[in-house]
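Residues per chain are reported as follows:
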Amino acid sequence: TLQIVTPGSSTSLIQPGFSLLHFGSHVFFLGQKGWPKRSCPTGVFLLDLKNNELRLRPTTFTNDSCYLPPLRHPAVCSLPASQGGEITQYLIHGGKTPNNEISHKLYIMAMASSVNKRFSLCCSEKDLAGDVPEARYGHSMNVVFSKGKTAVVMFGGRSYVPLNQRTTENWNNVIDCEPLVYLIDLQFGCSTSFNLRELQDGISFHVSLARNDTVYILGGHSMGNNFRPPNVYKIKVDLPLGSPAVSCTVIHNKLSFSSSIVTQTSPDEFVIVGGYESDSQKRFSCNGIFLDDDTIDIQEIETPEWTGEIKHSKTWFGADMGKGAVLFGVPADNKHQSTDCSFFFYVLNFGDSDPVVQTCSQGSTEELEDSMPLEDSEEFTFNRDGNLFDEDT
C-alpha cells in the first residue's frame, strides 16, 4: 500500500540522506541538513505519525551520552541482544556533517528506559584500533554471527581525495574508497581489513543484507567508471578461535541499481524499493529477496500504484521504518504546499500491519514542541534580548 502523509511540525528538517532507527514500535529520525538549534540540541527526533500527519518530536539523551552530530548518508545497522533477538542498539558510522566534513567515528545508540511516555536515548563513541576505516559515507555495515561470536562487516563508501593528492581544482572532490572489507570486533574495538580479489571496484550507495555468517552486497554505484554492477557479492565470515577468515563469491545477476531502500518483512525476506537505474532514470520496480542457509533468491514483486508526483520527479529519497514500511519523499511544487516543507512524503508498506505506523508522542510537551522554532539553518543567528542585530553588525 502507498499512502501520502501530511507534513506537520518540523518536517522541513527531513532532507535527503536521513536515517531512521526503530526500537520496537518507536521510530527515531537522524540526519537533518543543518546544525541543531538550542531548542533541540541533539538533532535526533521521534517520528510521530498519527492520523496521517507526520511530525518530529525532539528527543532527549541521557547525561552520560556523547554528542552525536547530524549525519547524512552514514552506515547504520541494528545490533540485536542475541541472534534473531530484539533490537537493543544501533551502530552508526561515518556520514556527512552540515559542514560537508566526513566523519570517521563509530557511535553506539541505545534506548534508555522510558518514563511517562518520555524516551531517552544513550549514545557512546567506540574507539577502534588496527586497520581503522577512513572517514566515509554511502557505505554499509552488517552484524554477522559465527561459531557463537559476533562481528561487524563494513564495506564501500566514498571519501574526499587524500590530502597528499589534493590540488586547488580537486580539493573537495570525492572518490571511491578502496574495495576493502573491514571486520570489526566490538568487544575489543579491533578492526581488520581484507583485500579480496573478487572485489576490484569501490562501490557506494549499495544494499547489504545479512543472515548468520553471510553478507550479501547488491547494486551500488562505482564513481571510477560510472558503473552500477549487476553482480551480487556474497561475503562469508568465519570466526574460529584463531584469526578470522573472510571469503567472497560473485553471483551474476541482472539487477543494476543504486541508492535503493531495503526493508525486512520477515526473518528471511526483504524488499528492495526505490533508487536509480542510471543517473537520469529512477527505478520503479520492486524486488523481493529471500535468503536461505546458503542461497539468495531474487524475484520481482508487485509494484504500488505510483502517483504522478513520484513518476515525474527527477529525484526521490527515503529510509526504512521497520516491519516492512518505508518513508520516502519527492520534491514538491511549493505553490501547492500549505507548509514550508519542500517535499511530498509517502509511507509505502509491504508488511501485514497497518500502513500507518503510529508512535507515542512526548506526552505533555506536545504544545510546547509545536511552538519551538525547529527549522534547520546553516547560518549562526545571534540574539540579544529577543531582537536581532542588524545584518551589518
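Note that this is a predicted model, so its numbers are computed, not measured.

**Q** Teacher, can you tell me more about the overall build of the protein chain here?
**A** Counting secondary structure elements, the protein chain contains 2 helices and 32 strands. Here the protein chain, with 393 residues, has 51% of them falling under the buried criterion. When contacts within the protein chain are restricted to residue pairs at least 6 apart in sequence, long-range pairs at least 24 apart make up 57% of them. When the accessible surface of the protein chain is split by element, carbon and sulfur atoms take 48% of a total near 19200 Å².

**Q** Please explain the sheet that holds strand β26 (residues 286-291) as it appears in this structure.
**A** Think of a sheet as strands paired side by side through backbone hydrogen bonds, with each pair either parallel or antiparallel. Here 4 strands make up an open sheet; going across it, the order is β22-β23-β26-β27 and the pairing antiparallel. Looking at which strands have only one partner, the edges of the open sheet turn out to be β22 (261-266) and β27 (296-301). Going across the sheet, the axis of each strand differs from the next one's by a mean of 25°, ignoring polarity. As paired elements, strand β23 (residues 269-273) and β26 share 4 bridges and run antiparallel to each other. Within β26, the residue paired with F270 across the bridge is I289.

**Q** Please clarify how the environment of A81 should be interpreted in this entry.
**A** Here A81 is to be found in the loop between β7 (75-80) and β8 (87-93). For A81, a relative accessible area of 62% gives the class exposed. Excluding its chain neighbours within four sequence positions, the residues that come into contact with A81 are E86 and T88.

**Q** Would you explain the pattern of salt bridges in this entry?
**A** Any two side chains of opposite charge can pair, so long as their charged atoms come close to each other. This structure, assessed with the given rule, holds 12 salt bridges. Between D48 and R57 there is a salt bridge, with the nearest N and O atoms lying 3.2 Å from each other. Linking E125 and K105 is a salt bridge whose minimum nitrogen-to-oxygen distance equals 3.8 Å. Note that E125 is positioned in strand β10 (residues 120-126) and K105 in the loop between β8 and β9 (106-111), a separation of 20 residues in sequence. We classify E125 as partly exposed; its relative accessible area is 37%.

**Q** Which parts of the structure should I look at to understand the environment of P133?
**A** Along the chain, P133 turns up in the loop between β11 (129-130) and β12 (140-146). A relative accessible area of 2% means that P133 is categorised as buried. With 27 residues separating them along the chain, P133 and L106 place their C-alpha atoms 9.9 Å apart. Leave out the neighbours within four places in its chain, and P133 touches H93, L128, M154, Y182 and S191.

**Q** Explanation requested: the sheet that holds β10 in the structure shown.
**A** Strand order in the open sheet formed by 5 strands is β6-β10-β9-β8-β7, with mixed pairing between adjacent strands. Each edge of the sheet is formed by a strand with only one pairing partner; in this case those strands are β6 (60-61) and β7. Strand direction decides the pairing type here: β8 and β9, joined by 5 bridges, are antiparallel. Counted as the bridge partner of L91 is I108 from β9.

**Q** Would you mind showing me how to read unusual backbone geometry here?
**A** Leaving glycine aside, a negative phi is the common case for residues, and trans is the common case for peptide bonds. Its identity is not glycine, yet N100 carries a phi of approximately 65°, on the positive side. Along the chain, N100 turns up in the loop between β8 and β9. In this structure, S259 takes a positive phi of about 60° despite not being glycine. Along the chain, S259 falls in the loop between β21 (245-251) and β22.

**Q** Just checking my understanding: could you explain the nonpolar core for this structure?
**A** Soluble globular proteins tend to pack their nonpolar side chains together in the buried interior. Ranked by internal contacts, the top residues of the largest apolar core, which has 22 residues, are L20, L327 and F345. For this core, the secondary-structure elements that each account for two or more residues are β3 (26-30), β4 (44-50), β5 (53-58), β28 (317-322), β29 (325-331) and β30 (343-349). With residues up to four places along the chain from it excluded, the contact list for F345 reads Q3, I4, V5, P7, T11, I14, L54, F317, L327, F328 and G329. Grouped together as the second largest cluster of nonpolar side chains are 18 residues, A151, F194, I235 and L239 included.

**Q** What exactly am I supposed to notice about the environment of T1 here?
**A** Within the secondary structure, T1 is located in the segment before β1 (2-7). Among the residues examined, T1 registers a relative accessible area of 57% and is labelled exposed. In sequence terms T1 and G351 are 350 residues apart; their C-alpha atoms lie 9.0 Å from each other.

Parameters at a glance
- Residues numbered from 1 in each chain as written.
- Predicted model: local features only at pLDDT ≥ 70, side-chain atom pairs only at ≥ 80, totals over all residues.
- Heavy atoms only, no water.
- Helix = DSSP H or I, 4+ residues; strand = E, 2+ residues; numbered from the N terminus.
- Buried < 20%, exposed > 50% of the residue type's maximum accessible area, 1.4 Å probe, protein only.
- Contact = heavy atoms within 4.5 Å.
- Areas by Shrake-Rupley, 256 points an atom, 1.4 Å probe, with all protein chains shown as cover.
- Pairing = 2+ DSSP bridges.
- Axes fitted to C-alpha atoms, helices over the stretch in contact; angles between N-to-C directions.
- Salt bridge = Lys/Arg side-chain N within 4 Å of Asp/Glu carboxyl O.
- Core = buried A, V, L, I, M, F, W, Y, C linked by side-chain atoms within 4.5 Å.

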